[in-house]
Amino acid sequence: MRSKKMKTWIWWLIAGGLSLLGGLFALANPLAATLTAELFAGWSFILVGIFVLVSAFNDQGWGARAMAILLGILILLFGISLVSNPVAGIISLTIVSGIMLLIFGIMRIVLAFSTELSQIRWALILSGALSIILAIMIFSNFPQSAAAVLGIFLAVELISNGVSLIILAMARKPDTQAG
């Protein structure tokens, strides 16, 4: 086990460094990162749609098969729409992101007042309020905010992922001191 740790920690460190650099580049150019995120989402939907369609033929019964085929077609068409018209895709994904932030923010605040969660009430309220503020920021400057929001989300995710992978790598790094 120890020799396996010795061999793999460096790969975690490299992956973390690459993710961190990618996040910094995305933060430096949020419009390019937004377009990249939108196209990635579009191609992901296309692949998922194809997989759902292929798996539909393994479903039992015509009802399940018909629903899977319909779902696969809808997902595939959505992906094609995102890839073929990236500007409209950026706008629609930004709207969805803003709506999700608003809904999740409200849900966290409501959840904060649950009697079972009184110990973490303030954390939930602050987190929910932050989500609501971010949603308001997106919608108050819409559609201009669409040019950067997805790119900034991607940048923050890549930076967060990079830092956590670097920390994981350092925790997996074997001690250099002889014990």
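The structure under discussion appears in the preceding block.
Keep in mind it's a predicted model, so treat the numbers as computed, not measured.

Enquirer: Explain the overall build of the chain residue by residue, including any values.
Expert: Tallying secondary structure elements over the chain gives six helices and zero strands in all. When the helices and strands of the chain are placed in sequence order, the string is α-α-α-α-α-α. The globule rule puts the C-alpha radius of gyration for 179 residues at 16 Å, and the 21 Å found for the chain is more than 25% above it. C-alpha extents for the chain along the principal axes are approximately 65 × 45 × 40 Å. Burial status across the chain gives 27% buried among its 179 residues.

Enquirer: Give me the side chain of T94: which residues, what numbers.
Expert: Within the secondary structure, T94 sits in helix 4 (residues 86-112). Aside from chain neighbours lying at most four places away, what touches T94 is I138, F142, S145, A146, V149 and L150.

Enquirer: I'd like a rundown of the environment of G89, residues and numbers included.
Expert: As for its position among the elements, G89 is in helix 4. When the C-alpha atoms of G89 and L35 are compared, they prove to be 9.1 Å apart, with 54 residues separating the residues in sequence. Aside from chain neighbours lying at most four places away, what touches G89 is E38 and L82.

Enquirer: Tell me about the environment of A26, and please be specific about residues and values.
Expert: Along the polypeptide, A26 turns up in helix 1 (residues 2-28). On the basis of relative accessibility, which here comes to 8%, the residue A26 falls in the buried class. Separated by 82 residues in sequence, A26 and R108 have C-alpha atoms that sit 29 Å apart. Apart from residues lying up to four places away in sequence, A26 is in contact with A33, G151 and A155.

Enquirer: Which residues make up the packing of aromatic side chains, and what values do they have?
Expert: The tally for this structure, following the rule as stated, stands at one aromatic pair. Ring geometry for F45 and F78: centres 4.8 Å apart, planes at 80°, overall edge-to-face. Separated by 33 residues along the polypeptide, F45 in helix 2 (residues 30-56) and F78 in helix 3 (residues 62-84) bring together distant segments of the chain. Looking at R65, its charged tip hangs above the ring of W62, at a distance of 4.8 Å from the centre.

Enquirer: Please provide a residue-by-residue account of helix 2, values included.
Expert: End to end, helix 2 covers 38 Å across 27 residues, agreeing with the expected 39 Å (1.5 Å per residue, within 8%). Among the residues of helix 2, those classed as buried are A33, T34, E38, A41, G42, I46, G49, V52 and A56.

Enquirer: Go over a nonpolar patch on the surface, please, and point to the residues and values.
Expert: Taken together, the side chains of V87, I91, I95, V96, I99, M100, I103, F104, M107 and F139 present a nonpolar region at the surface, about 840 Å² in accessible area. A total of nine residues in the nonpolar patch trace back to one element, the largest contributor, which is helix 4.

Enquirer: Pulling in residues and values, what's your account of helix 3?
Expert: Its 23 residues place the ends of helix 3 32 Å apart at the C-alpha level, agreeing with the 33 Å of an ideal helix rising 1.5 Å per residue. Of the positions making up helix 3, those classed as buried are R65, A68, G72, I75, L76, G79 and L82. Of the surrounding elements, those touching the buried residues of helix 3 are helix 2 and helix 4.

Enquirer: Which residues make up the packing of helix 3 against helix 4, and what values go with them?
Expert: Running from N to C, helix 3 and helix 4 cross one another at 115°; their axes reach a closest spacing of 5 Å. Residues F78, L82, V83 and S84 of helix 3 form the contact with helix 4, whose participating residues are P86, G89, S92 and L93. The residue makeup of the contact of helix 3 with helix 4, split by class, is five nonpolar, three polar and no charged.

Enquirer: Would you mind going over unusual backbone geometry in detail, with residue names and values included?
Expert: The omega torsion of the bond from F142 to P143 falls at 10°, within 30 degrees of zero and hence cis. Its place among the elements puts P143 in the loop between helix 5 (121-140) and helix 6 (149-172).

Calculation rules
Residues numbered from 1 in each chain as written. Predicted model: local features only at pLDDT ≥ 70, side-chain atom pairs only at ≥ 80, totals over all residues. Heavy atoms only, no water. Helix = DSSP H or I, 4+ residues; strand = E, 2+ residues; numbered from the N terminus. Rg over C-alpha atoms; globule rule 2.2 N^0.38 Å. Buried < 20%, exposed > 50% of the residue type's maximum accessible area, 1.4 Å probe, protein only. Contact = heavy atoms within 4.5 Å. Phe/Tyr/Trp six-rings, centres within 6.5 Å; stacked < 30°, edge-to-face > 60°. Lys NZ or Arg CZ within 6 Å of the ring centre and 35° of its normal. Expected span 1.5 Å × (residues − 1). Patch = residues over 30% accessible without salt bridge, like charges linked within 9 Å, V, L, I, M, F, W, Y side chains within 5 Å. Areas by Shrake-Rupley, 256 points an atom, 1.4 Å probe, with all protein chains shown as cover. Salt bridge = Lys/Arg side-chain N within 4 Å of Asp/Glu carboxyl O. Axes fitted to C-alpha atoms, helices over the stretch in contact; angles between N-to-C directions. Nonpolar A, V, L, I, M, F, W, Y, C, P; charged D, E, K, R; others polar.

What is shown is where atoms sit, not what they do.
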